Amino acid sequence: MSERKMKNNIKTIAIKERFSMDARIVFLTVLALFSVAQIAAQDSEALEKAKEKALSESKGYTYEGNEILSESDDAVAAEVEYRKAIAKSSANAKAKYNLGNVYYKDESMGEAFMRYKEAGTTAETKEERHSAYHNLGNVFMKNKEYQKAVEAYKEALRNDPSDEETRYNLALAKEMLKKQQDENKDNQNKDDQNQDENKDNQENQDQNQDDQDKKDGDEGEDKKDDQGEEGDENKEGDNKDEQGENPEDKNQDEGKNDKQDQQKQNPEGKPEEQQQQPRPDQLSPQQVRNILEAMNNEEKKVQEKVNAEKIKGAPVKSEKDW
């Protein structure tokens, strides 16, 4: 009895030790997980602080660029500061936007487009997105990409429906797009018409060439017949000369035959060189079309220049935008 009791006590002690070991493992696991989470939180907090510090320094470069433009209007020096700002923090939408303004004023539309697009994507507020897409629409207007300009102005209005300048530019972009589409349609019709005319001209040239070949063939046959007749006459003249005919009569007959041959080749009796000379005051149909197209193109250039001056809301000084 005593021995059985001792065994039971030993078994109880073993169970207690096993539970104690499991508890220690669970505790250590929880402690490890907590430590990892705490370290991750600390790293995340440190990363956020680093980002905030980089953004703050980036804004400092942006401010320096704005000051340069305000005081000296030195676009090159301002560009350097804006590039430093972007390199320091890609989250600085203002630096990208202001750099886009520098390129826009310098007529570097490709670079301006890229920076405005980046600013619109990075912007955190509706005001920033509106400004970026408004100026992006102006770039498209400069490049005569009116369909893209319409879409950019619409995006700008989604972020600020109250901006009348954007609304005006949207209406102008739609007007220019319609005009561009009409012109493209007219140009296509002209191309088709020119192709038809070229085809007709080619057919006429072929027909004229056939007529000329036929005429040359007929003239060759006539000339051959005339030469045959002349040979017969010369033969008869030789016979007459042998019979004692006067040589002056022979010369008169030859002159008469030459005159008849000339009249046969030129029935109007005019010199051949004079017939081939065109009238100096006469324009061909193609020359008339070229003159009319040149006048239309010049008128289009003037109209496009006038329309370009209608665009409102072009970028102003960077510090006033944001």
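Residues numbered from 1 in each chain as written. Predicted model: local features only at pLDDT ≥ 70, side-chain atom pairs only at ≥ 80, totals over all residues. Heavy atoms only, no water.

**Student:** So, the overall build of the protein: which residues are in play, and what are the values?
**Tutor:** Along its length, the protein carries 11 helices and 0 strands. Traced from its N-terminal end to its C-terminal end, the protein shows the element sequence α-α-α-α-α-α-α-α-α-α-α. Sorting the 322 residues of the protein into buried and exposed places 22% on the buried side. Considering only residue pairs separated by 6 or more positions, the protein has 57% of its internal contacts joining residues 24 or more positions apart. When the accessible surface of the protein is split by element, carbon and sulfur atoms take 49% of a total near 23,600 Å². (Helix = DSSP H or I, 4+ residues; strand = E, 2+ residues; numbered from the N terminus. Buried < 20%, exposed > 50% of the residue type's maximum accessible area, 1.4 Å probe, protein only. Contact = heavy atoms within 4.5 Å. Areas by Shrake-Rupley, 256 points an atom, 1.4 Å probe, with all protein chains shown as cover.)

**Student:** Got a sec to walk through the packing of aromatic side chains? Specific residues and values, please.
**Tutor:** Under the criterion given, the structure shown has 2 aromatic pairs. Between Y97 and Y116, the aromatic rings sit 5.7 Å apart at their centres with planes inclined by 50°, giving tilted as the arrangement. Here the residue Y97 occupies a position in helix 3 (residues 93-105), and Y116 occupies one in helix 4 (residues 109-122), the gap between them amounting to 19 residues. Between the aromatic rings of F113 and F140, the centroid separation amounts to 5.7 Å while the plane-to-plane angle is 55°, which identifies the pairing as tilted. Residue F113 is located in helix 4, and its partner F140 is located in helix 5 (residues 126-142); the two are separated by 27 residues in the primary sequence. Looking at F140, the relative accessible area reads 9%, which means it is buried. (Phe/Tyr/Trp six-rings, centres within 6.5 Å; stacked < 30°, edge-to-face > 60°.)

**Student:** Quick one: what's the story with a negative patch on the surface, residue by residue and with numbers?
**Tutor:** Taken together, the side chains of D191, D192, D196, D200, E203, D206, D210, D211, D213 and D216 present a region of like negative charge at the surface. Within the secondary structure, D206 sits in helix 7 (residues 164-242). (Patch = residues over 30% accessible without salt bridge, like charges linked within 9 Å, V, L, I, M, F, W, Y side chains within 5 Å. Salt bridge = Lys/Arg side-chain N within 4 Å of Asp/Glu carboxyl O. Lys, Arg positive; Asp, Glu negative; His and termini not counted. Charge placed at Lys NZ, Arg CZ, Asp CG, Glu CD.)

**Student:** Kindly report on the confidence of the model for the protein, identifying the contributing residues and their values.
**Tutor:** Overall, the prediction assigns the protein a mean pLDDT of 77, with 67% of residues at 70 or greater. The spread of mean pLDDT over the elements of the protein runs between helix 11 (residues 318-321), the lowest at 38, and helix 6 (residues 146-159), the highest at 97. In this model residues 266-276 is a low-confidence stretch, pLDDT under 50, and it forms 5 contacts with partners more than four residues away in sequence or in other chains. Note that pLDDT drops below 50 for residues 314-321; the model gives that stretch 23 contacts with residues more than four away or on any other chain. (pLDDT = per-residue confidence, 0-100.)

**Student:** Requested: an account of the nonpolar core, with residues and values cited.
**Tutor:** One finds Y116 and M141 to be the most contacted residues of the largest nonpolar core, which totals 34 residues. Of all the elements in the fold, those that place two or more residues in this core are helix 1 (2-71), helix 2 (75-88), helix 3, helix 4, helix 5, helix 6 and helix 7. With 7 residues, helix 6 is the single largest residue contributor to this core. (Core = buried A, V, L, I, M, F, W, Y, C linked by side-chain atoms within 4.5 Å.)

**Student:** Tell me what's going on with helix 3, and back it up with residues and numbers.
**Tutor:** With 13 residues, helix 3 should cover 18 Å at 1.5 Å per step; its first-to-last C-alpha distance of 19 Å lies within 8% of that length. Most of helix 3 is tucked away, with 11 of its 13 residues classed as buried. All buried positions along helix 3 are accounted for by A93, A95, K96, Y97, N98, L99, G100, N101, V102, Y103 and Y104. With a side-chain oxygen positioned 3.2 Å from the backbone nitrogen of K94, the residue opening helix 3 is N92. Just downstream of helix 3, E107 is the residue with a positive phi angle, here 65°. (Expected span 1.5 Å × (residues − 1). Polar contact = N/O pair within 3.5 Å; in protein donor to acceptor, adjacent residues only side chain to side chain.)

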